[in-house]
Amino acid sequence: METKLIKFNPDKIDSLLLQEAARVINGGGLVAFPTETVYGLGADALNPLSCAKIFEAKNRPLNDPLIVHIADKQDIFKVAGEIYKRTLGIIDEFWPGPLTLVLKKSQNIPQIVTAGLETVAVRMPDNPIALALIKEAQTPIAAPSANLFGRPSPTTAQHVFDDLKGRIDMIVDGGKTQVGVESTILDLTQTPSRILRPGGIDIEALRRLSPDIESYQGNRILSPGMFTRHYSPKARVIVVEDGNKTQPERVKDIASEFISQGYSVGIMAKDENKNHYNGDFNLKILGPEKNLALCAANLYSLLREFDKDGTQIIIAESVKEDGLGITIMDRLRKAAAKESDV
Ligand code: TXA
Ligand code: MG
């Protein structure tokens, strides 16, 4: 299959190109498109055969459900049922935005989308191209991240192309995504409501609006289809957390060990520590710890760059687990998990 790459200007969306992309969705095909978090691989959420192609293209196991994307808050009633006032309050505050809600599924949603669950994950993305495409197609769009299963999520059209060229019909290039990590997933079907995956929303801000959400205790509960090893580059990842030595000291100790064994070593450091490093390794800067949003936006892109450089071992400094730092550390630990942990 030939993958068509089309460039969109998010500030001035070309209506002919938009129609072309929507026609692919309506014809049962797959279109990768930008959201504010990461690129999604979209199909008509009401067409089970189209959604089946998503799993095939990504090599994704069928027990890993998809997120349904809508362009209008009202459309939640087409996708989900049992929507109470509290849910509407959360939507009013956080949509469009990087918050996915798990709700009771409506009859309209095919089983393949929810991996047979009675619940559905739904969100309204905060990206003009994503919203325009959903509106033009006049159907909710099911979309997981547009990467091969287990790889870091794509934050540029090039990342999507690297993973999925020849496997999908179209890639809509709308530039680099702003948030850079996936949406936060909040399960409203449980009492208390639970965060299944930390993501682009500040959990504390969510809990201020809705204090009955359980405080997030790390990766205790896994969303269906969430595996310990995930978001992984080809290189082995080692995350260095605080210890008795400073982080740069610990990172350099580990780096020398691997370099002496002949490995090609990469270091992912915070801006604040960059002057501590010079040596025979591939140094990349995640961003300043005081700007965790910028760190989140760079994370997946850097992991992919290390792979392109042929780096075999990535030694990553940890960041403080606060706000988006919770999400960054969740993804780094998953990238670091060994295959045997799955
Ligand atoms: O930001 C995002 O969330 C991006 C963009 C494209 O929207 N999407 C994304 O989807 O990251 P991805 O590849 O993470 O897959 C969706 C995840 C599943 O792995 C699963 O953990 C969770 O959403 N999920 C989907 N349906 C669910 C359900 N009914 N109950 C619990 N978790 C569900
Ligand atoms: Mg994914």
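Residue positions are given per chain, counted from 1 along the sequence in the order it is written. Each chain takes a letter, starting from A, and each ligand takes a number, starting from 1, following the order in which they are written. Local features in a predicted model are, by the rule used here, given only for residues with pLDDT of at least 70; side-chain atom pairs are given and counted only at 80 or more, and totals for whole chains, interfaces and linings are based on all residues. Heavy atoms throughout the structure, all of them, feed into the side-chain values; hydrogens and water do not.

Our next topic: the side chain of Glu-317. For Glu-317, the location among the structural elements is in strand E15 (residues 313-317). Despite its burial, Glu-317 remains without a salt bridge, the nearest opposite charge being carried by Lys-270 at 4.0 Å. Whenever two N or O atoms come within 3.5 Å, that pair is a polar contact, provided that in protein one can donate a hydrogen and the other can accept it, and provided that, for residues adjacent in sequence, both atoms are side-chain atoms. Among the polar contacts made by the side chain of Glu-317, one reaches the side chain of Asn-273 at a distance of 3.1 Å. A polar atom in the side chain of Glu-317 sits 2.6 Å from the side chain of Tyr-277. Helix and strand assignments come from DSSP, with helices taken as H or I runs of at least 4 residues and strands as E runs of at least 2, each series counted from the N terminus. Burial classification: accessible surface area is computed with a 1.4 Å probe over protein chains only, and a residue below 20% of its type maximum counts as buried, one above 50% as exposed, and the rest as partly exposed. Lys and Arg are tallied as positive, Asp and Glu as negative. Neither His nor the chain termini are counted. Here, a salt bridge means any Lys or Arg side-chain nitrogen found within 4 Å of an Asp or Glu carboxyl oxygen.

With that settled, consider the pairing of strand E13 (residues 265-270). Across a regular strand the side chains alternate sides, sitting on one face of the sheet and then on the other. Of all six residues in E13, six are buried, a share of seventy percent or more. Every second residue of E13 is oriented toward a common face, with Val-265, Ile-267 and Ala-269 on one face and Gly-266, Met-268 and Lys-270 on the other, all of them buried. For two strands to count as paired, DSSP must find a minimum of two bridges between them. With four bridges connecting them, E13 and E15 associate as parallel partners. When the bridges of E15 are listed, Met-268 appears paired with Ala-316. Both E13 and strand E14 (residues 282-287) contribute to a ladder of five bridges, which runs parallel. Note on E14: the bridge partner recorded for Ala-269 is Ile-285.

Moving on: the domain arrangement of the chain. Throughout the structure description, domain borders are defined by an automatic or database domain assignment. Segmentation of the chain into domains returns domain 1 (4-215) and domain 2 (236-335). The centre of domain 1, based on its C-alpha atoms, is set 29 Å off from the matching centre of domain 2. Any two residues whose heavy atoms approach within 4.5 Å are treated as being in contact. Every contact between the two is made by 22 residues of domain 1 and, on the other side, 17 residues of domain 2. Summed over both partners, the accessible surface that disappears when two parts come together, traced with a 1.4 Å probe, is what is meant by buried area. It is Pro-152, Val-181 and Pro-198 in domain 1 that bury the most area against domain 2; as a group they hold 32% of the surface buried on that side.

What follows covers the site of ligand 1. We call a residue near a molecule or strand whenever a single non-hydrogen atom of that residue lies within 4 Å of it. Near ligand 1, the surroundings consist of 26 residues, among which Thr-37, Asp-64, His-69, Ser-183 and Arg-197 are the closest. Interatomic distance of 2.6 Å between a side-chain N/O atom of Asp-64 and an oxygen atom of ligand 1. To be clear on the numbers: accessible area is Shrake-Rupley with a 1.4 Å probe, and residue cover counts the displayed protein chains and nothing else. Summarising the interface, the protein chains cover 97% of the accessible area of ligand 1, which totals 670 Å² for the free molecule. Those elements that place two or more of their residues in the shell around ligand 1 are strand E4 (67-69), strand E7 (119-123) and strand E11 (194-197). Take the shell around ligand 1: its biggest share by element is four residues, from E7.

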